[in-house]
Amino acid sequence: MSEDGNEIRRRRKCAACDRRFKTIERIELTLPAVVKKDGSRIEFDPGKLRASMALALRKRPVAADVLDTAVRQIEERLAASGEREVSTQLIGELVMKELKRLDKVAYVRFASVYRSFEDIAEFQELLAEVGPRRRAPNRKIR
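In this text, all values refer to a predicted model and were calculated from it rather than measured experimentally. (Residues numbered from 1 in each chain as written. Predicted model: local features only at pLDDT ≥ 70, side-chain atom pairs only at ≥ 80, totals over all residues. Heavy atoms only, no water.)

A word on helix α1 (residues 46–56). All of the buried residues along α1 are Leu49, Met53 and Ala56. Buried residues of α1, viewed axially, fall in a sector of 55°; they line one side. In α1, the exposed positions that point more than 90 degrees away from the buried face belong to Lys48 and Leu55. Taken together, the buried residues of α1 touch α2 (64–80), α3 (88–102) and α4 (104–114). The distance from a side-chain oxygen at the start of α1 to the backbone nitrogen of Gly47 is 2.9 Å, and the residue carrying that oxygen is Asp45. (Buried < 20%, exposed > 50% of the residue type's maximum accessible area, 1.4 Å probe, protein only. Helix = DSSP H or I, 4+ residues; strand = E, 2+ residues; numbered from the N terminus. Arc of directions from axis to C-beta. Contact = heavy atoms within 4.5 Å. Polar contact = N/O pair within 3.5 Å; in protein donor to acceptor, adjacent residues only side chain to side chain.)

This is how it looks when you write it as structure tokens:
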């Protein structure tokens, strides 16, 4: 069993050729339908989710397996929600939360498209949210 408990690994032996091999059995979660902004409903597609996150993470130092884990965590949250339908807005918020944890630049990239900022002030607020805190300059006492 894996660490997260969602898969079982087994060693098996072929009856015909006597070769050993491993199998991985994963629990298949039922995911809710996605309600788009226009009200239409589509089946949840983890490939689309991964592609949009990969685009934000393009040329960033985040390994593919880390991205896969983040996608899986979002899928698990959606499945565990018990909802039959979820909005694209909720999925977007979950993606931003994961990207913020993985890479601040990717978070800003995704949020700048996802949130459709109306003016530069909104964008500056986002940057201030993830940027380093400014400290008062050190003053020497003589």
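Having seen the model, we can carry on.
With respect to the element layout, Glu98 can be found in helix α3. Judged by relative accessible area, which is 2%, Glu98 ranks as buried. Sequence-distant contacts of Glu98, that is, excluding residues within four places in its chain, are made with Met53, Ala70, Gln73, Ile74 and Arg77.

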